[in-house]
Amino acid sequence: MWPNGSSLGPCLRPTNITLEERRLIASPWFAASFCLVGLASNLLALSVLVSARQGSSHARSSFLTFLCGLVITDFMGLLVTGIIVVSQHAALFDWQAVDPGCSLCHFMGVIMVFFGLCPLLLGAAMASERYLGITRPFSRPAASSQRRAWTMVGLVWATALALGLLPLLGVGRYTVQYPGSWCFLTLGAEPGDVVFGLLFTLLGSLSVGLSFLLNTISVATLCRVYHGQEAAQQRPRDCEVEMMAQLTGIMVVASICWMPLLVFIAQTVLRSPPAMSPTGQLSRATEKQLLIYLRVATWNQILDPWVYILFRRAVIRRLHPRLSTRPRSLSLQPQLTRRSTMQ
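What you see is a predicted model; the values in this text were computed from it and never measured. (Residues numbered from 1 in each chain as written. Predicted model: local features only at pLDDT ≥ 70, side-chain atom pairs only at ≥ 80, totals over all residues. Heavy atoms only, no water.)

Draft legend 1. Fine view of the overall build of the chain. When you go through the chain residue by residue, the secondary structure sums to 11 helices and two strands. For the chain, the residues scored as buried account for 48% of the 343 residues in total. If you sum the accessible surface of the chain, you get close to 16200 Å²; carbon and sulfur atoms cover 67% of it. (Helix = DSSP H or I, 4+ residues; strand = E, 2+ residues; numbered from the N terminus. Buried < 20%, exposed > 50% of the residue type's maximum accessible area, 1.4 Å probe, protein only. Areas by Shrake-Rupley, 256 points an atom, 1.4 Å probe, with all protein chains shown as cover.)

Draft legend 2. The pattern of salt bridges, seen in detail. Tallied over the full model, the rule gives four salt bridges. For Glu 287, the salt bridge goes to Arg 13, with nearest N and O atoms at 3.7 Å. Residue Glu 287 is located in helix 9 (residues 284-310), and its partner Arg 13 is located in the segment before helix 1 (19-25); the two are separated by 274 residues in the primary sequence. Put simply, Arg 130 and Glu 129 hold a salt bridge, and the shortest N to O gap is 3.2 Å. Arg 130 sits in the buried class, given a relative accessible area of 2%. Connected via shared salt-bridge partners are Arg 13, Arg 284 and Glu 287. (Salt bridge = Lys/Arg side-chain N within 4 Å of Asp/Glu carboxyl O.)

Draft legend 3. Molecular detail of the packing of aromatic side chains. Inspection of every chain in the model, using the stated rule, returns eight aromatic pairs. Centroid distance Phe 30 to Phe 34: 6.2 Å. Interplanar angle 35°. Geometry classified as tilted. Residue Phe 30 and its partner Phe 34 are located together in helix 2 (residues 28-52), separated by four residues, close to a single helical turn. Between Phe 114 and Phe 115 the ring centres are 4.9 Å apart and the planes differ by 80°, which places this aromatic pair in the edge-to-face class. (Phe/Tyr/Trp six-rings, centres within 6.5 Å; stacked < 30°, edge-to-face > 60°.)

Draft legend 4. Inspection of the side chain of Thr 186 at higher detail. Tracing the backbone through its elements, the reader meets Thr 186 in the loop between strand 2 (182-185) and helix 7 (191-226). Within the structure, Thr 186 has its side chain in polar contact with the side chain of Thr 175 (distance 3.0 Å). (Polar contact = N/O pair within 3.5 Å; in protein donor to acceptor, adjacent residues only side chain to side chain.)

Draft legend 5. Structural view of the state of the cysteines. Here the structure, examined in full by the defined rule, presents two disulfides. Put simply, Cys 11 and Cys 102 are joined by a disulfide, and their sulfur atoms are 2.1 Å apart. Looking along the S-S bond of the Cys 11-Cys 102 disulfide, the torsion reads about -80°, which is the left-handed sense. With Cys 11 in the segment before helix 1 and Cys 102 in the loop between helix 4 (95-98) and helix 5 (103-135), this pair connects stretches of sequence that are 91 residues apart. Judged by relative accessible area, Cys 11 falls into the buried class, the value being 0%. (Disulfide = S-S within 2.5 Å.)

Take a look at the structure:
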């Protein structure tokens, strides 16, 4: 309950929005179209991934496993949240009447945090895998690469779910957000709200930062080998360059989509005086900003599959036919091995 002792449930904040205003903002056709485009994009990417995994190398098979985990996560995130949002937009139901115990709101809050963090954490895991694969090619047994990749995907899911469950254990709160069609963490000044908001922001920002650092080192290593003294004989394989191009694209998309929301959450929960009043009210400008940043972040689930679909060698060679006439590159590993034996 809120400190003012109102009859609102624990997930309901006082909002001054009319039913007519909700109709203008909450369009079921826009929400349904958005979800259908995202679902179709992820299904297309998943079908391409399944065909690409046949006959792939150990390193590429591990990378494709991470990509499968990312596509499945994005697909399920759009499907589950889309069903709730589209239903709410179509019916414009009253949360207090339909969900007095806040079970639906808590469920949606958990999945919003879970499916929001998973792409960022998976991006960091993929960057770590490629960093080790490029700079330490013989440090791990190749036979267990696919099993290890699925284990990492499972750990990412478990970490994101553990964080999402914290408000149900008393750290932070999930509340209905403007215009009343979705639930998310509370941008309040209560200690639990501040801690949970900062944990969400910190974990997401660290994932983006780690991805940027490791991808920069990996790309620099590939460039050094590609343009080294023995570049004509020992160049990186095309698949290694392709994987780094896809991973860099995923990192850029995640950064553009998520960093505005993460920064906004941190700034809001740390604002002095607090952005949220003791009764749970936020200014309309703050509520609209949160909605805009959330919609931008949701584009990550639609753009991720297209990064993989468009950044494949077959597509790039079609756009640049001269690349297909380049002599077949050899593996990156022999040159790294030779350098290590000379030291």
